[in-house]
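The residues making up each chain are set out below.
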Amino acid sequence: MNLKNRDFLKEIDFTADELQYLIDLAIELKAAKRERREVKHLQDRNIALIFEKTSTRTRCAFEVAAFDQGAHTTYLDGQSSQVGHKESIADTARVLSRYYDAIQFRGKSQEMVEELAQFSDVPVYNGLTDEWHPTQMLADFQTMIEHTGRKTNELSFAYVGDARNNMGHSLLMMGAIMGCDVRIAGPSELLPSAEIRALADAAAAKSGARITLTDSMDEALLGAQFVHTDVWVSMGESPEIWNERVKLLSPYQVNREALAKTGVADVKFMHCLPGFHNEQTTIGFEIASKTGMHEGLEVTHDIFESDLSVVFDQAENRMHTIKAIMVATIGD
Ligand code: CP
Ligand code: NVA
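Residues numbered from 1 in each chain as written. Chains lettered and ligands numbered in written order. Predicted model: local features only at pLDDT ≥ 70, side-chain atom pairs only at ≥ 80, totals over all residues. Heavy atoms only, no water.

**A closer look at the site of ligand 1**
Point 1. Residues in close proximity to ligand 1 include Ser55, Thr56, Arg57, Thr58, Arg106, His133, Gln136, Cys272, Leu273 and Arg318, which together make up its full environment.
Point 2. Between ligand 1 and the protein, one listed contact pairs an oxygen atom with a side-chain N or O atom of Arg106 at 2.8 Å.
Point 3. The backbone of Leu273 places a nitrogen or oxygen atom 2.9 Å from a nitrogen atom of ligand 1.
Point 4. Contact with the protein chains removes 96% of the 260 Å² of surface that ligand 1 exposes when unbound.
Point 5. Looking at side-chain class alone, the shell around ligand 1 contains 2 nonpolar, 5 polar and 3 charged residues. (Near = heavy atom within 4 Å. Polar contact = N/O pair within 3.5 Å; in protein donor to acceptor, adjacent residues only side chain to side chain. Areas by Shrake-Rupley, 256 points an atom, 1.4 Å probe, with all protein chains shown as cover. Nonpolar A, V, L, I, M, F, W, Y, C, P; charged D, E, K, R; others polar.)

Shown next as structure tokens:
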């Protein structure tokens, strides 16, 4: 498999075999690091990390993966650099391509990361846009494979909640490409658009994936081995929509009752994080105080902390999968 010099912008740019190769490489890199036999494939490479939106996992995963492999990173944001407000994406791409071997971008629009890739001479990685979160998908699939020992096309999972955000879109598309049994549940106004559904249907026609989009938790959950959710208000959305979202999405909370609907005794809970499951964050406290939802928002605290929750394995795998992307695209 040769992925040298490829951008990593969205799932549909890749075949199932290419995505599987990256997941397998991440599994091998994880084992190599644990067994202290990691070989450095990125000696003296330089990686630019542009973050228009905040991050803990994605930034740290890129930095640690780069350092493990012998590469160096530079962090840029909108305030302390010229990106966006004073210099266009096209100009930034051409400047950074002269210094760096790859560029990571997290920001609002998919068009922006696509434009960065168009004007850049080096691979560009999408670290999250409003539309897609493709690096997260490799970690989510690595985690589901590790926890079941199943082949990718034997996985069955549900995503419940705000299903027209980056996570809803990406889980739908990745499941469709990889041939999974994918169930997406949310209120009809928060289900993926017709355009996204058409893309997923086309991918499913090739892979044999089963896709269910529904407003029914019962329908989505029965038989699912994994239940994913995400925050009810994403980065860049107005805090004023919290009230409306809580009303719309409360029936889609992941709690004990929801997991029981799967009928799967060892069902696992997944969340890309950060998640609101207690009042130990400013937003979590504020929304819980306003709504009286003291047990958690998109997921209850007891489920988040239970043995069914694999969220920290999932978070760890961000690093191994991001390392796999860099090794595959710019490594020796
Ligand atoms: N899951 C994820 O992308 O986390 P960060 O926002 O912390 O990078
Ligand atoms: N949907 C979330 C994902 C965070 C990793 C957001 O965009 O804020």
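**Let's talk about the sheet that holds strand 4 (residues 124–126)**
Point 1. The strand order across the open sheet formed by 4 strands is 2-1-3-4, and the pairing between neighbours is parallel. Looking at the sheet topology across the chains shown, the edges are occupied by strand 2 (72–77) and strand 4. Direction aside, the axes of adjacent strands within the sheet are offset by 20° on average.
Point 2. Direction of pairing for strand 1 (residues 46–51) relative to strand 3 (residues 102–106): parallel, over a ladder of 5 bridges. Its bridge partner being in strand 3, Ala48 is matched across the sheet by Ile103.
Point 3. Running at roughly 165° to strand 4, helix 4 (residues 110–119) makes contact with strand 1, strand 3 and strand 4 of the sheet. (Pairing = 2+ DSSP bridges. Helix = DSSP H or I, 4+ residues; strand = E, 2+ residues; numbered from the N terminus. Axes fitted to C-alpha atoms, helices over the stretch in contact; angles between N-to-C directions. Contact = heavy atoms within 4.5 Å.)

**With respect to the site of ligand 2**
Point 1. As a matter of local geometry, ligand 2 sits amid Leu128, His133, Asn165, Asn166, Asp230, Val231, Ser234, Met235, Cys272 and Leu273.
Point 2. Side-chain polar atom of Asn166 to a nitrogen atom of ligand 2: 2.8 Å apart, as the coordinates give it.
Point 3. Between ligand 2 and Ser234 there is a distance of 2.7 Å, counted from a nitrogen atom to a side-chain nitrogen or oxygen.
Point 4. Out of a free accessible area of 270 Å², ligand 2 has 94% covered by protein chains.
Point 5. Per-class residue counts for the shell around ligand 2 are 5 nonpolar, 4 polar and 1 charged.

**Some points on the nonpolar core**
Point 1. Ranked by size, the top nonpolar core spans 59 residues in total, and within it Phe141 and Met326 carry the most contacts.
Point 2. Among all residues touching Phe141, those that are not within four sequence positions of it are Ile23, Thr152, Leu155, Phe157, Leu171, Met174, Gly175, Met178 and Cys180.
Point 3. Judged by nonpolar contacts, the second largest core, of 32 residues, contains Trp242, Tyr252, Leu297 and Val311. (Core = buried A, V, L, I, M, F, W, Y, C linked by side-chain atoms within 4.5 Å. Buried < 20%, exposed > 50% of the residue type's maximum accessible area, 1.4 Å probe, protein only.)

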